[in-house]
Amino acid sequence: MKRTRPLPHDPALYRRATVDAFRKLDPRILARNPVMFVVGAGSLLTTAAFAHDLVLHGWSARTAFGGQISLWLWATVLFANFAEALAEGRGKAQADTLRNARRDTPALRLRDAGVTEEVSASALLPGDLVVVEAGRMIPADGTVMEGAAAVDESAITGESAPVVRESGGDRSAVTGGTTVLSDRLVIRVTQEPGKSFLDRMIALVEGAERQKTPNEIALNILLAGLTIVFLLAVVTLKPFALFHGANLGVVVLVALLVCLIPTTIGGLLAAIGIAGMDRLLRRNVLAMSGRAVEAAGDVDVLLLDKTGTITLGNRMAADFVPLPGVDRAELVRAALLASSGDETPEGRSIVDLARQQGGETGEASRSTLSALSPLPGGSGQATRIPFTAQTRMSGIDLPDRQLRKGAADAVLAWVDGLAFPGMSNQDAAARREEAHRAADAIASRGGTPLVVASTVAGVLGVIHLKDVVKPGMRDRFERIRAMGIRTVMITGDNRLTAKAIAAEAGVDDFLAEAKPEDKLHLIADLQKGGRLVAMSGDGTNDAPALAQSDVGLVMNTGTQAAREAGNMIDLDSDPTKLIEIVEIGKQLLITRGALTTFSVSNDVAKYFAIIPALFAASLPQLGALDLMRLSSPESAVLSAVIFNALIIVALIPLALRGVRYRPRGTAQALRANLLVYGLGGLVAPFVGIKCIDLLITALGLV
Amino acid sequence: MTPRDYLQLALFLGILAAVSPPLGRYIHHVLEGGRTWLHPLLGPVERLIYTAGGVDPDRDHPWQRYAACLLGFTLAGFCLTFGVLLFQDVLPLNPQHFPAPSWDLALNTAVSFVTNTNWQAYGGETAMSHLSQMVALTYQNFVSAAVGMAACMAVARGIARAEAQGIGNFWTDLVRATLYVLLPLCVPGALLLVGQGMVQTFAASFAAVTPEGAIQTIAVGPVASQVIIKMLGTNGGGFFNANAAHPFENPTAVADFIQMLAIFLLPGSLVFTLGAAVRRPRHAWTVWGVMAAVFLAGALLTAHFEYRGTPAMAQAVAATSGSPSASAPAPAAASVPAPIPAPVPNMEGKEVRFGVFASSLFATVTTDASCGAVNAMHDSLTPLGGLVTLLNMQLGEIIFGGVGSGLYGMVLFVILTVFLAGLMVGRTPDYLGKRIEGREVTLAVAALLLPALPLLGFTALAAVGWGPTALGNAGAHGFSELLYAYTSSAQNNGSAFAGLAANSPVFNLTTAAAMLIGRFGVMLPMLAVAGSLAARRPRPVTDASFPVEGATFALLLTSVILIVGALTYLPALSLGPIVEHLQMLEGRLY
């Protein structure tokens, strides 16, 4: 995974977050976070007690203590608010940029008779046809009905290179707020007014529509439950102490409560979730819901299209296989000549490979071929035969011979009709048989065989075309496997080809000869087995499968139907990003779990700091529990409260960045995280509280 | 501790480890309707009960219906017991002509027995008629244990089943648990105890002439048959007030050992019933291992503190014997300027026949499991020995725990552990393939909170209200007595710390409320969890799933039990046994 900047460095973000931290003190906002609400209420109580003391008794060591506790309790709430505001900050900044693109532009609406009228973009309704000329902004989301144009989508994707949008096919969707650079488009509007992609995007990045995810809700319930349990433990401590003749003040009781309830995770939970969405956004992926991000961490099966995702788009020539008795150089030369008229990507890849391998023979380059400079083997005119779907061959007719290259059965049929001087029929048949075997051998390895033949020597050999797996895919699948996720390659190829590519790319399974509905069935079957499935797609016929999948990543280049069906949109249109998305999802969940564990294990130390301090006067024997040997009861309580507040600040970078994620075995990951966050959470407060105690005592604060 | 003590402990755990897995699988087999060699004999009885009760044994119930049947049955049992107690004076089988108890004592007792608590605010042989003993103790001892087993099986089904509506049939579970599990264990168990000299007769008492020539009435009765179910069913209500310290109720060391095994037998086996239901024996062993480890720690600590005794005792012994100690190495002691008296084991409140270790072990066993039978007075344990018994209960009676309730209580902690730490493997938490979401967490939190509410709440109210006047001791020890009473009732243990005049309306009513909340405040949420999990579509358990077996999980589960379970009560414990111990070291006693 790409390392991103740990924290935004824009000072404006921090200023804005600081202001927002205070704004979030509003009890209506605070009430959404039960843990912080309790801390807020506690702060209010101690502040009231402090004010009461101040008025009645004036300034003293006691009031100073109450004042400091109140201050740090408020700081605890503010730190938590700040973390959330900072996490939201980046999205808000981006939303502001997006808003600039959402200007109300005039639109040319096409009326029945072909006349246009100028209306405001906000007046457009779904079904309206609008005309957009070069240089104008597309007024609304829609589908191209007529024309093709270069469109600048940088307002949304941040990518300045223009993209082509055209009617029909999978490149027909356009987004409001983007600009047509050339030509003219007729677009059918698909959005309701005010519900454009841009509007949704603004709402998403700003977090205005942010809904808590199922796991976040459950965790919030647990944190609220723990808060109530500890509230009970602290409230009952007052009468317990009275039984022993000790009267505990409200300040120390609130301090104990705040230290025991899970403030660390309670304060950072929202920030962790927002930061997770933001990490996706920074990779140009828009998650339409937080639920999708969470599901990404849970994915069990990844469905990946072969073409474009696992392999480069086209087959490439990989090898020349001469028949026995044929000179390899002769085959290479023949293949080169026979492909000179083949403008398909496959044909070009043969020429490229032949040039590399036949370079030493001084063979003519592509340009010399096209100039038809003196051709080897003769001095007359040469005619190039281009590849067609009917003949499935390409070739060249030279004065002394003809060369053909193409699909095995087509070329062999062509050879069959020829007579070769000095070669018996049996020999010819045997050579054809030989060629068949060579072709089958290539096919069985997942390649595509092309046979090369000439009118002089018959079959010369076979060209091995194969799908080229994108570099680095094997490693990525290795990592995915380490996470316990199964990968399935989807392809229209036959089983043999599919199997070979699957083996080469290192995917776990494949679905060959797949039709769009097969994909849907596969997803439904996997889900019936309790698995979560992620896939990427862009075409209209992907839409049902995208809608069915748990994580459906749609390419920004995709059709409107596909974009409606998926729950994530990749603005870069890179299908392999699914892998990163899964990692981000897992990272989000691990961060949440790690900080929860840390927060809960923090409690142990705080007990040993505060309980003896509470009873220092009435039950001095409990001083034996003060393992940290803190300098005074007041210092003990204050140190614990300060630690509790500062640990939130200390963990903000971790919450926003996420814990470092490494793909590895589950048991191993669990042990490592437990050691760091469980044991660390147990030990850290002992050290931290002691240090703070030494510091505040040295400063004379207590 | 002596080598013999270690041997006894090893033998105890060894036998338990050997017997629990097959018995657990057997319980799963019979509760799921499997046939055994007992069926030719008991099958007709089972079918007769179904016919008489109009029960369709094959009908599966959703959790709401299951819980409703369970509550209805419990309510009926409560009414029966309450009525019998209230009218004990006019009902038959009352040879000693005991008067009826007060309404609040009757209510408290009836609640106590239907909730498998067996808190006794009265002395059995001096207050209860034979009919009362038979209905309250014998009948409820069986069925309250069977109810626990049924609820536990329903929870196991909820975890094991996939996309199912039902979690079983309460009536079938109840009948099968009684007929095929409790009865077959009780008959040979009781005979074994009679073989050890335990009393078993229908006579009420006989008169004996003491050496001084006085006539003493010695109560007897059908003791063995009641003792075996009181232990197997983790009920703990004694036939005699002295409970398992009474020679007729615990005649020999072997009988003592058998009784301790009987307490842990079903709670330990039910772990493997869950293992069989979910087909994961390793998970069962892991959970069992956690229980065994916490038990072992508790037993060793209690024994350690009891052997060490108190400084006051040591000084007293040193003063009377004139030498530091016979067992202390004399040459070393001579070089120490002010010899610290050698520790004197704490024998106060212990039966001399059992001694320090067997008493400590029994105290740990009976508080780990929600049994509450005692062979020594817990009030007289050293402060830290008493702390262990309190903590054992406060963890939620899940270290083996009550029959059934121990396991579903432990499942609650397993769910909490999975939820708290499960995210750290990078997936949303699931328990054996079942996702743990808001609903399960809400219910688990309720089950965690509900017993704490009466436990801490009533202790707090009593501490500043009705408590001090009822206490036999002042200060920290008195506080422990109050805390123990509400801990024991809210966690359905039933053992008493004594030293507390508990038979007053306010105590009877508050402990009754605590017992009800403690029992059903955990059971009902856990049944709801079962219903919710049963309906879930499981995701396949793979290498990527959160591992709920092995050492890492065992350590995690133990930590969650200690941090979430114990830290809640640490403030209260600090003001009870902990401060008492620290004061004792300073020479301050209560």
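Keep in mind that what you see is a predicted model, and the values were worked out from it rather than measured.

Draft legend 1. View of the overall build of chain B. Along chain B, the regular secondary structure elements total 21 helices and four strands. A compact globule built from 590 residues should have a C-alpha radius of gyration of about 25 Å, and chain B, at 24 Å, falls within 12% of that. Referenced to the eigenvectors of the C-alpha coordinate spread, the extents of chain B come out at roughly 75 × 65 × 50 Å. Counting over 590 residues, chain B shows a buried share of 64%. Here the contacts in chain B between residues at least 6 apart in sequence split such that 78% fall between residues at least 24 apart. Counting 25 positive and 28 negative side-chain charges, chain B places the centres of these two groups 13 Å from one another.

Draft legend 2. A look at the pairing of strand 11 (residues 301-305) of chain A. Residues and elements named next belong to chain A. Most of strand 11 sits inside the fold, with four of its five residues counted as buried. As judged from the five bridges shared by strand 11 and strand 18 (residues 486-490), these two strands associate in the parallel manner. Across the sheet, residue Leu302 finds its bridge partner in strand 18, namely Thr487. By the bridge criterion, three bridges tie strand 11 to strand 20 (residues 533-537) in an arrangement that is parallel. Residue pairing in the sheet places Leu303 in a bridge with Met535 of strand 20.

Draft legend 3. Spatial organisation of the interface of chain B and chain A. Facing 60 residues of chain B, the contacting portion of chain A comprises 57 residues. Counting the surface lost from both chain B and chain A, the interface buries some 5000 Å², and carbon and sulfur atoms represent 77% of this. At the junction of chain B with chain A, the criterion picks out three salt bridges. Between Arg539 of chain B and Asp298 of chain A there is a salt bridge; the shortest N-O distance is 3.4 Å. Here chain B is connected to chain A by 11 residue pairs in polar contact (both at pLDDT 80 or more). For the side of chain B that touches chain A, the secondary structure elements donating two or more residues are helix 15 (405-422), helix 16 (438-464), helix 18 (475-490), helix 20 (551-567) and helix 21 (570-585) of chain B. Examining the composition of the side of chain B that touches chain A, we find that 14 residues originate from one element, helix 16 of chain B, more than from any other. In terms of residue class, the side of chain B that touches chain A is made up of 39 nonpolar, 13 polar and eight charged.

Draft legend 4. Spatial organisation of the confidence of the model for chain B. Residue and element names in this part refer to chain B. Looking at chain B as a whole, the pLDDT averages 90, with 96% of positions reaching at least 70. In this model residues 324-336 is a low-confidence stretch, pLDDT under 50, and it forms four contacts with partners more than four residues away in sequence or in other chains. As a predicted assembly, this complex carries a pTM of 0.87 together with an ipTM value of 0.91.

Draft legend 5. Region of interest: the packing of helix 3 (residues 34-57) of chain A against helix 7 (residues 214-243) of chain A. All names here are of chain A. As a packed pair, helix 3 and helix 7 sit with axes 8 Å apart at the nearest point and diverge in direction by 35 degrees. Where helix 3 approaches helix 7, its residues Pro34, Val35 and Val38 are matched on the opposing element by Asn220, Leu223, Ala224 and Thr227. Partitioning the contact of helix 3 with helix 7 into residue classes produces five nonpolar, two polar and no charged.

Draft legend 6. The arrangement of the packing of aromatic side chains in detail. Inspection of every chain in the model, using the stated rule, returns 20 aromatic pairs over all chains. Centroid distance Phe243 of chain A to Phe479 of chain B: 5.6 Å. Interplanar angle 55 degrees. Geometry classified as tilted. Placement of Phe243 of chain A in helix 7 and of Phe479 of chain B in helix 18 is noted, with the two residues assigned to different chains. Both residues of the pair, Phe243 of chain A and Phe479 of chain B, belong to the buried class. Between the aromatic rings of Phe295 of chain B and Phe400 of chain B, the centroid separation amounts to 6.5 Å while the plane-to-plane angle is 75 degrees, which identifies the pairing as edge-to-face.

Draft legend 7. A nonpolar patch on the surface, seen in detail. A grouping of Leu675, Val676, Leu679, Val683 and Val687 of chain A is seen on the molecular surface, where their side chains present a nonpolar patch of about 450 Å² in accessible area. Relative to the helices and strands, Leu679 of chain A is located in helix 24 (residues 666-698).

Draft legend 8. Examining the sheet that holds strand 6 (residues 163-166) of chain A more closely. Residue and element names in this part refer to chain A. The three strands lie next to each other as 6-5-8, forming an open sheet whose pairing is antiparallel. Of all the strands in the sheet, just strand 6 and strand 8 (179-180) have a single pairing partner and so form its edges. Bridge count for strand 5 (residues 148-152) against strand 6 is four bridges, and the pairing is antiparallel. If you follow Ala150 over to strand 6, its bridge partner there is Val164.

Here is what the cut-offs are and how they apply
- Residues numbered from 1 in each chain as written.
- Chains lettered and ligands numbered in written order.
- Predicted model: local features only at pLDDT ≥ 70, side-chain atom pairs only at ≥ 80, totals over all residues.
- Heavy atoms only, no water.
- Helix = DSSP H or I, 4+ residues; strand = E, 2+ residues; numbered from the N terminus.
- Rg over C-alpha atoms; globule rule 2.2 N^0.38 Å.
- Buried < 20%, exposed > 50% of the residue type's maximum accessible area, 1.4 Å probe, protein only.
- Contact = heavy atoms within 4.5 Å.
- Lys, Arg positive; Asp, Glu negative; His and termini not counted.
- Charge placed at Lys NZ, Arg CZ, Asp CG, Glu CD.
- Pairing = 2+ DSSP bridges.
- Buried area = accessible area lost by both parts, 1.4 Å probe.
- Salt bridge = Lys/Arg side-chain N within 4 Å of Asp/Glu carboxyl O.
- Polar contact = N/O pair within 3.5 Å; in protein donor to acceptor, adjacent residues only side chain to side chain.
- Nonpolar A, V, L, I, M, F, W, Y, C, P; charged D, E, K, R; others polar.
- pLDDT = per-residue confidence, 0-100.
- Axes fitted to C-alpha atoms, helices over the stretch in contact; angles between N-to-C directions.
- Phe/Tyr/Trp six-rings, centres within 6.5 Å; stacked < 30°, edge-to-face > 60°.
- Patch = residues over 30% accessible without salt bridge, like charges linked within 9 Å, V, L, I, M, F, W, Y side chains within 5 Å.
- Areas by Shrake-Rupley, 256 points an atom, 1.4 Å probe, with all protein chains shown as cover.

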